[in-house]
Amino acid sequence: MTEAILLVGGKGTRLRPLTVHTPKPMVRAAGVPFLTHQLARAKAAGVDHIVLATSYLAEVFEPYFGDGSSLGLHIEYVTEDEPLGTGGAIRNVASRLHSGPDDPVLIFNGDILTGLDIRRLVATHEETSADVSLHLTQVTDPRAYGLVPTDDTGRVLAFLEKPQTPEEIVTDQINAGAYVFRRSVIDTIPAGRPVSVERETFPGLLSAGAHLQGMVDSTYWLDLGTPAAFVRGSADLVLGRAPSPAIPGRCGDRLILPTAMVAPDAKLTGGTVVGEGAFVAEGARVFGSTILPGAVIEPGAVITDSLIGTRARVGERSVLTGTVIGDGAVIGPDNELRDGARVWCDARIPAASLRFSSDQ
């Protein structure tokens, strides 16, 4: 296998305001755009040619990654004029593939952080002579996901919608967002219109008698679709819980990028990342959080499980827990923001304006 398609066209609506100016795969996780981790893992698995299927803020990708040579890859870019869904995006880039009809093509979503053994997925695909092979993962509570039951040999039996009752939970296996397609199968996807692989392509192939193979790999897996998940994924990369060859430094309790400044008595733990040109002042405490480039954390601020946007500022003694601060926003001193708070880009919150507890 030498080719892959990365689906990076989503708008990242659930991640706003992080994705107002930045497409989701380009939001930084552990110091680099999240897409860098996926590209590096594909390269490590033997991929050398990758086609990025872009749409939202498509102009951001190529200036950063270029032709991919810095990563040892050859990267091409195909932009959708109108969103085409997962299947439509795959079909839309098919002309850029070099593979023969029976060759395997790796396809994965641009918002999944995973420890998947890519080589084993490809080997399973070839050993079973499957038309499509799917990475499946097991989850404790499958109610939020479509289910993918398989037989004793791993052959996919059905694609079931999200279960509504306990009786409908017939398996804990879900589609984990990575596939290997036989090259010729990609050409059967209708061109020029939106297509969902989950709702149309896979069920259609199954009803037509195609061989769809599931491979359960329950190593690390996280959908980075929400701010809380994105922050946790970044921290897990720094802590070494999630594997990546693209960490720009040693794994440990914190990652401080070049040109960042951190006061000697500031405390950074839990997989915290401080981006280039950011400043963490004296007495600040930051746990499990991402401080993006150019942000400023003023003295005595306490930040937990949060993401602070590019050039944003958090004032003295402000306490943030489970919050997202958009690019360029300013949180004045003595504010308190709790789980789920999202402050939009360039917003201004005056001193001591928001609290969840007494000011005493």
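These numbers come from a predicted model, not from an experiment.

## Here's the deal with the packing of aromatic side chains
Then, number 1: Tallied over the entire structure, the rule returns seven aromatic pairs.
Then, number 2: Ring centres of Phe34 and Phe230 lie 6.4 Å apart, and the angle between their planes is 65 degrees; this geometry places the pair in the edge-to-face category. Of this pair, Phe34 sits in helix H1 (residues 34-44) while Phe230 sits in helix H7 (residues 227-239), and the two are 196 residues apart along the sequence.
Then, number 3: Taken together, a centroid distance of 6.3 Å and an interplanar angle of 80 degrees make the contact between Tyr179 and Phe181 edge-to-face.

## A short note on the UniProt feature "domain: Mannose-1-phosphate guanyltransferase C-terminal" (unreviewed entry) in the protein
Then, number 1: When the UniProt feature table is mapped onto this chain numbering, "domain: Mannose-1-phosphate guanyltransferase C-terminal" (unreviewed entry) sits at residues 252-332.
Then, number 2: For the annotated span residues 252-332, helix accounts for 0% and strand for 42% of the residues, and the straight-line distance between the end C-alpha atoms is 31 Å.

## Some thoughts on unusual backbone geometry
Residues other than glycine predominantly adopt negative phi, and peptide bonds predominantly adopt the trans conformation.
Then, number 1: Cis geometry marks the peptide bond from Arg16 to Pro17, where omega comes out at 15 degrees.
Then, number 2: Counting through the fold element by element, Pro17 comes out in the loop between strand S1 (3-7) and strand S2 (28-29).
Then, number 3: Here the phi dihedral of Leu57 falls at roughly 50 degrees; this positive angle occurs in a residue that is not glycine.
Then, number 4: Structurally, Leu57 is set in the loop between strand S4 (49-54) and helix H2 (61-65).
Then, number 5: Notably, Arg317 is not glycine yet its phi reads approximately 65 degrees, a positive angle.
Then, number 6: Structurally, the position occupied by Arg317 is in the loop between strand S22 (313-314) and strand S23 (319-321).
Then, number 7: Judged by relative accessible area, Arg317 falls into the partly exposed class, the value being 44%.

## Section: the UniProt feature "domain: Nucleotidyl transferase" (unreviewed entry) in the protein
Then, number 1: According to UniProt, the "domain: Nucleotidyl transferase" (unreviewed entry) feature falls on residues 4-236.
Then, number 2: With 25% helix and 23% strand, the stretch residues 4-236 has end C-alpha atoms that lie 25 Å from each other.

## Concerning the nonpolar core
What tends to happen in soluble globular proteins is that the nonpolar side chains get buried as a cluster.
Then, number 1: One finds Phe181 and Phe202 to be the most contacted residues of the largest nonpolar core, which totals 29 residues.
Then, number 2: Counting residues per element, the ones that place at least two in this core are S1, S4, helix H3 (85-92), strand S6 (104-109), strand S8 (132-138), strand S9 (173-182), helix H5 (183-186) and helix H6 (197-207).
Then, number 3: The contact partners of Phe181, leaving out residues within four places of it in the chain, are Ile90, Asp103, Pro104, Val105, Ile107, His125, Asp131, Val132, Ile186, Ile189, Val197 and Phe202.
Then, number 4: By size, the runner-up hydrophobic cluster in this structure holds 25 residues, among which are Leu6, Met26, Val47 and Leu73.

## Quick look at H7
Then, number 1: If you check H7, its first and last C-alpha atoms are 18 Å apart, about what 13 residues at 1.5 Å a residue would give, namely 18 Å.
Then, number 2: Counting buried residues in H7 gives ten out of 13 residues, a clear majority hidden from the surface.
Then, number 3: What H7 keeps buried is the set Pro227, Ala229, Phe230, Val231, Gly233, Ser234, Ala235, Asp236, Leu237 and Val238.
Then, number 4: Looking one or two places after H7, you find Gly240, whose phi comes out positive at around 85 degrees.

## Here's the deal with the pattern of salt bridges
Then, number 1: By the definition in use, this model includes 16 salt bridges.
Then, number 2: For Arg14, the salt bridge identified is with Asp223, shortest N-O distance 3.7 Å. Separated by 209 residues along the polypeptide, Arg14 in the loop between S1 and S2 and Asp223 in strand S11 (residues 221-223) bring together distant segments of the chain.
Then, number 3: Exposure remark for Arg14: the relative accessible area of 46% places this residue in the partly exposed category.
Then, number 4: Residue Lys24 is joined to Asp111 by a salt bridge in which the shortest nitrogen-to-oxygen separation is 3.0 Å.

## Thoughts on the sheet that holds S9
Then, number 1: One open sheet holds the seven strands; their spatial order is S5-S4-S1-S6-S9-S8-S10, and the pairing between them is mixed. The open sheet has two edge strands, strand S5 (74-79) and strand S10 (212-216), and neither has a second partner. Each strand of the sheet is rotated relative to its neighbour by a mean of 25 degrees, with strand direction disregarded.
Then, number 2: Where S8 meets S10, five bridges bridge the pair, whose relative direction is parallel. In the strand pairing of S10, Val132 is matched with Leu212.
Then, number 3: Packed on one face of the sheet, H3 meets S1, S4, S5, S6 and S9 and runs near 140 degrees to S1.
Then, number 4: Where helix H4 (residues 118-127) meets the sheet, its contacts fall on S6, S8, S9 and S10, and the angle it forms with S9 comes to roughly 65 degrees.

## What about the sheet that holds strand S28 (residues 348-349)?
Then, number 1: If you walk across this open sheet you meet the six strands as S13-S16-S19-S22-S25-S28, and the pairing is parallel. Of all strands in the sheet, those bounded by a partner on one side alone are strand S13 (261-262) and S28.

Rules and cut-offs
Residues numbered from 1 in each chain as written. Predicted model: local features only at pLDDT ≥ 70, side-chain atom pairs only at ≥ 80, totals over all residues. Heavy atoms only, no water. Phe/Tyr/Trp six-rings, centres within 6.5 Å; stacked < 30°, edge-to-face > 60°. Helix = DSSP H or I, 4+ residues; strand = E, 2+ residues; numbered from the N terminus. UniProt positions renumbered as here; feature names shortened; annotations may be inferred. Buried < 20%, exposed > 50% of the residue type's maximum accessible area, 1.4 Å probe, protein only. Core = buried A, V, L, I, M, F, W, Y, C linked by side-chain atoms within 4.5 Å. Contact = heavy atoms within 4.5 Å. Expected span 1.5 Å × (residues − 1). Salt bridge = Lys/Arg side-chain N within 4 Å of Asp/Glu carboxyl O. Pairing = 2+ DSSP bridges. Axes fitted to C-alpha atoms, helices over the stretch in contact; angles between N-to-C directions.

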